[in-house]
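Each chain is listed here by its residues.
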Amino acid sequence: MDDALIPPEPPSPAIVAAAMYARDTAAQSMGIKITDIQPGSAVASMPVRPDMIQGHNTCHGGMIFSLADTAFAYACNSQNQATVAAGCNIEFLKPAFLDDLLTADARQVTLSGRSGIYDVLVSNQHGEIIAVFRGKSAAIKGQVIPQAE
């Protein structure tokens with residue numbers, strides 16, 4: 001069989017995540033690390049630093065949202081299809097505090113055509129869920145790591 005007729009294997013989720021992370025200065029600046037990546041899922045962690053504390057002496061909700069949104073992004077893009085958020089929401093259940101280690105666990109709920117739904121649970125180092133995030137994804141043209149067609 002002619003090898004030119006066999007489409008290339010897509011890169012693994014770990015390779016895709018590494019390529020994304022190399023360009024993801026937002027996640028890097030917040031101290032977010034991708035700790036697990038599988039097709040349709042991702043886990044990210046972030047330590048709560050002094051510059052993330054707001055006026056009520058708890059972690060700013062925008063920082064928690066950013067962590068959840070980052071895990072969502074890596075889960076959506078894990079199969080190398082360029083994908084962006086079409087919408088998302090978050091419910092804050094408990095506060096996070098200075099020196100907490102937060103973990104966001106993103107899982108694909110459904111994928112149909114170009115649209116997907118992902119749920120993200122954000123928990124602290126004690127396993128307490130502090131926020132629940134749901135994101136809707138939209139696949140766009142291109143790939144995270146361009147491949148020959």
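Analysis parameters
Residues numbered from 1 in each chain as written. Predicted model: local features only at pLDDT ≥ 70, side-chain atom pairs only at ≥ 80, totals over all residues. Heavy atoms only, no water. Helix = DSSP H or I, 4+ residues; strand = E, 2+ residues; numbered from the N terminus. Buried < 20%, exposed > 50% of the residue type's maximum accessible area, 1.4 Å probe, protein only. Contact = heavy atoms within 4.5 Å. Areas by Shrake-Rupley, 256 points an atom, 1.4 Å probe, with all protein chains shown as cover. Pairing = 2+ DSSP bridges. Axes fitted to C-alpha atoms, helices over the stretch in contact; angles between N-to-C directions.

A. Broad picture of the overall build of the protein chain. The helix and strand tally for the protein chain stands at 3 helices and 6 strands. Taken from the N to the C terminus, the helices and strands of the protein chain come in the order α-α-β-β-α-β-β-β-β. Going through the 149 residues of the protein chain one by one, you find that 38% of them count as buried. Put simply, of all contacts in the protein chain between residues at least 6 apart along the chain, 64% involve residues at least 24 apart. As displayed, the protein chain has an accessible area near 8,200 Å², and 57% of this comes from carbon and sulfur atoms.

B. Quick peek at the sheet that holds strand β1 (residues 33-38). Ordered by their spatial adjacency, 6 strands build an open sheet running β1-β2-β4-β5-β6-β3, and the pairing between neighbours is antiparallel. In this open sheet, the two edge strands, each paired with only one partner strand, are β1 and β3 (81-92). Across the sheet, the mean angle separating the axes of adjacent strands is 20° when strand polarity is ignored. Direction of pairing for β3 relative to strand β6 (residues 129-143): antiparallel, over a ladder of 10 bridges. The residue of β6 that forms the bridge with Asn89 is Arg134. Sheet contacts for helix α3 (residues 61-77): β1, β2 (41-47), β3, β4 (101-112), β5 (115-123) and β6; angle to β3, the most-contacted strand, approximately 145°.

C. Spotlight on unusual backbone geometry. Even without glycine at this site, Asn80 takes up a positive phi of about 75°. Mapped onto the secondary structure, Asn80 falls in the loop between α3 and β3. Take Asn80: its relative accessible area is 2%, and that puts it in the buried class. The residue Asp99 is not glycine, and still its phi comes out positive at about 75°. With respect to the helices, strands and loops of the structure, Asp99 is situated in the loop between β3 and β4. Residue Asp99 is classed as exposed on the basis of its relative accessible area, which comes to 64%.

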